[in-house]
Amino acid sequence: MLVSLISGINYIEKSSWPDHRGLQLLLLKNNLSPLYSGFGRLVRGFYGDANILLRAPYEALVKIIFISHYPQDFGRVFTWKKQKGMRTFNLTNF
């Protein structure tokens, strides 16, 4: 259901979207496979493998939330180099 919903969103008109919304959709779309795979391993009892696989979707979710809170700095979730006047993404402090 979620995969078909995300695929459907891919075909709608996006010209009225703000700049950061496309990045959020991309982060969500690209982290669905590890989410399902990690959940499958968790159900089967492979807790270590599930932990490793679920880290990427967790970080992507936090990045999506960060972008929602600070849309003017949406590019900061991919760069570590500090720039003057821009907020730096830090998973621990967020």
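Note that the structure is predicted; figures quoted are calculated from it, not measured. (Residues numbered from 1 in each chain as written. Predicted model: local features only at pLDDT ≥ 70, side-chain atom pairs only at ≥ 80, totals over all residues. Heavy atoms only, no water.)

## A few points about the nonpolar core
Side chains of a nonpolar character, in soluble globular proteins, are inclined to be buried together.
Phase 1: Formed by Leu23, Leu27, Val62, Ile64, Phe66, Ile67, Val77 and Phe89, the largest nonpolar core amounts to eight residues.
Phase 2: The set of elements that each furnish at least two residues to this core consists of helix 2 (19-30) and helix 4 (47-69).
Phase 3: Broken down by element, the residue count for this core peaks at four residues, all from helix 4. (Core = buried A, V, L, I, M, F, W, Y, C linked by side-chain atoms within 4.5 Å. Buried < 20%, exposed > 50% of the residue type's maximum accessible area, 1.4 Å probe, protein only. Helix = DSSP H or I, 4+ residues; strand = E, 2+ residues; numbered from the N terminus.)

## Points about the packing of aromatic side chains
Phase 1: The full count for this structure, using the stated rule, is one aromatic pair.
Phase 2: With centroids separated by 5.1 Å and ring planes inclined at 55°, the aromatic side chains of phenylalanine 66 and tyrosine 70 adopt a geometry described as tilted.
Phase 3: For phenylalanine 66, a relative accessible area of 2% gives the class buried. (Phe/Tyr/Trp six-rings, centres within 6.5 Å; stacked < 30°, edge-to-face > 60°.)

## Details of the environment of arginine 76
Phase 1: Locating arginine 76 in the fold gives a position in the segment after helix 4.
Phase 2: Sequence-wise, arginine 76 and phenylalanine 66 are 10 residues apart; in three dimensions their C-alpha atoms are separated by 9.5 Å.

Spatial relationships are all this shows, so hold off on functional conclusions.
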